[in-house]
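Geometric and topological summary
Residue strings, one per chain:
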Amino acid sequence: MFGTYRTEDVTILLKDITGLVKPLDTKERESRIQQGTHYSEMLPLEYEPSPAYLRAYQDALERYAETTALAAASVAGQLLERKGDVVLVSLARAGTSIGVLIKHYLRRLGVDAPHYSISIIRGRGIDRAAMDWILERHPASSIQFVDGWTGKGAIQRELHQAMEDYPSVDPGLAVLSDPARVAAVSGTQEDFLIASSCLNSTVSGLLSRTFYRSDMIRPSEFHGAAFYRELLGQDLTYTFINAVEAHFPDAPPAPIRIFDRNRTGLEEVQEICQEFGMEDINLVKPGIGEATRVLLRRVPWKVLVRSLDDEAHLGHLYQLAREKRVEVVEYPLQNYRACGLIRKLADN
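Residues numbered from 1 in each chain as written. Predicted model: local features only at pLDDT ≥ 70, side-chain atom pairs only at ≥ 80, totals over all residues. Heavy atoms only, no water.

1. Observations regarding the layout of surface pockets
- The computed volume of the largest pocket comes to approximately 1,100 Å³.
- Lining the largest pocket are 47 residues; nearest its centre among them are Arg122, Asn282, Lys285, Glu290 and Arg298.
- For the lining of the largest pocket, the secondary-structure elements that each account for two or more residues are α1 (26–34), β3 (87–92), β4 (115–121), α5 (154–162), β10 (284–286) and α8 (288–297).
- Ranked by the residues each element gives to the lining of the largest pocket, the list is headed by α8, at four residues.
- Its residues placed into classes, the lining of the largest pocket shows 20 nonpolar, eleven polar and 16 charged. (1 Å grid on protein atoms, 1.4 Å probe; cavity = no way out; pocket = protein on both sides within 12 Å on 5 of 7 lines; lining within 4 Å. Points joined across faces, edges and corners; volume = space filled by probe spheres on them. Helix = DSSP H or I, 4+ residues; strand = E, 2+ residues; numbered from the N terminus. Nonpolar A, V, L, I, M, F, W, Y, C, P; charged D, E, K, R; others polar.)

Have a look at this one:
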């Protein structure tokens, strides 16, 4: 174990690569990605949030802690009905704190569910060493993958593909927010702000995003991650978890389903690509959480929002866009409240 998650909350199945990989600044990393280097072969420099942005994060946490708690409780209740003796397998890093929340609510319901956090990487697949480790200890039927939210549904598709090698494992994903409408279990299909998406490692156990490079990770080893020990004084991981748990309901609420949308999340993204002349669908990141990530660790071009007057839901995005001088454009989004567009660097 490394990082700042408590051992009773999660077992981190990642290899510690702290100090072995030099982080790259955002523009250098983006340039390499667009030239063909896989994102998992690099680590980004951590964004240092400004005081104004930290205030926006705190405001977002206060606004959405209850919504997050209700969604986590709803997911926990559904998992208990579906699987009973569930084993939570959260997808590092955004899914880890969500897995902790679900584990804590299950404990309130009288179930002490094992919780592991493993890596899955778009285009590289799931960490097979971690999967094998878990399956040596638990029945395949009990495994439930957990993440925070869905964007285009890329990770759900990656899971379906990866589980072709593990046919006894259910590839369905459990998330709090499922605006793409692709998850097997969700608390809501509304695109709401999960405050942990606003920050990087400081709300994720001080762990980097996961890393995989064949010269550093042997087939028998877990995917890697770095521990930002120097940020211990800024760690907000349990501040986030505790703030959400303070709003846990007595009983799990029913999930919120949306039935009046005439296109899927992927169809909407394809329309955005056409509207803005973007040939690479990977440069379009729909959903509040994904748009936040674009501003935090990619080179943003524009941010699309359903309304320019949605300070209640998007205040942190407006703040980040001001700091980074990124244009915010009103666009008739249906499944999402916001969408980040990444700049194609060859266009600079």
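There's more to say after this.
2. What about the sheet that holds strand β12 (residues 327–330)?
- Reading across from one edge, β10-β13-β11-β12 is the order of the four strands in this open sheet, with mixed pairing throughout. The open sheet has two edge strands, β10 and β12, and neither has a second partner. Averaged over all pairs of adjacent strands, the angle between their axes in this sheet comes to 20 degrees, without regard to strand direction.
- Bridging between strand β11 (residues 300–305) and strand β13 (residues 338–342) involves five bridges; their strand directions are antiparallel. Directly across from Lys302, in β13, lies its bridge partner Leu341.
- Each of β10, β11 and β13 is contacted by helix α7 (residues 265–275), which is oriented at about 140 degrees to β10, the strand it contacts most. (Pairing = 2+ DSSP bridges. Axes fitted to C-alpha atoms, helices over the stretch in contact; angles between N-to-C directions. Contact = heavy atoms within 4.5 Å.)

3. Notes on empty space enclosed by the protein
- As enumerated under the stated definition, the model contains three cavities of 30 Å³ or more in all.
- Taken as a whole, the largest cavity holds about 120 Å³ of empty space.
- Elements supplying a minimum of two residues to the lining of the largest cavity: α3 (94–108) and α8.
- The element that contributes the greatest number of residues to the lining of the largest cavity is α8, accounting for three residues.
- Here the second largest cavity is characterised by a volume of approximately 70 Å³.
- Considering the residues around the second largest cavity, the lining is formed by Glu46, Tyr47, Glu48, Pro49, Leu199, Asn200, Ser201, Thr202, Leu231 and Gln234.
- Residues belonging to the lining of the second largest cavity are distributed by class as follows: four nonpolar, four polar and two charged.

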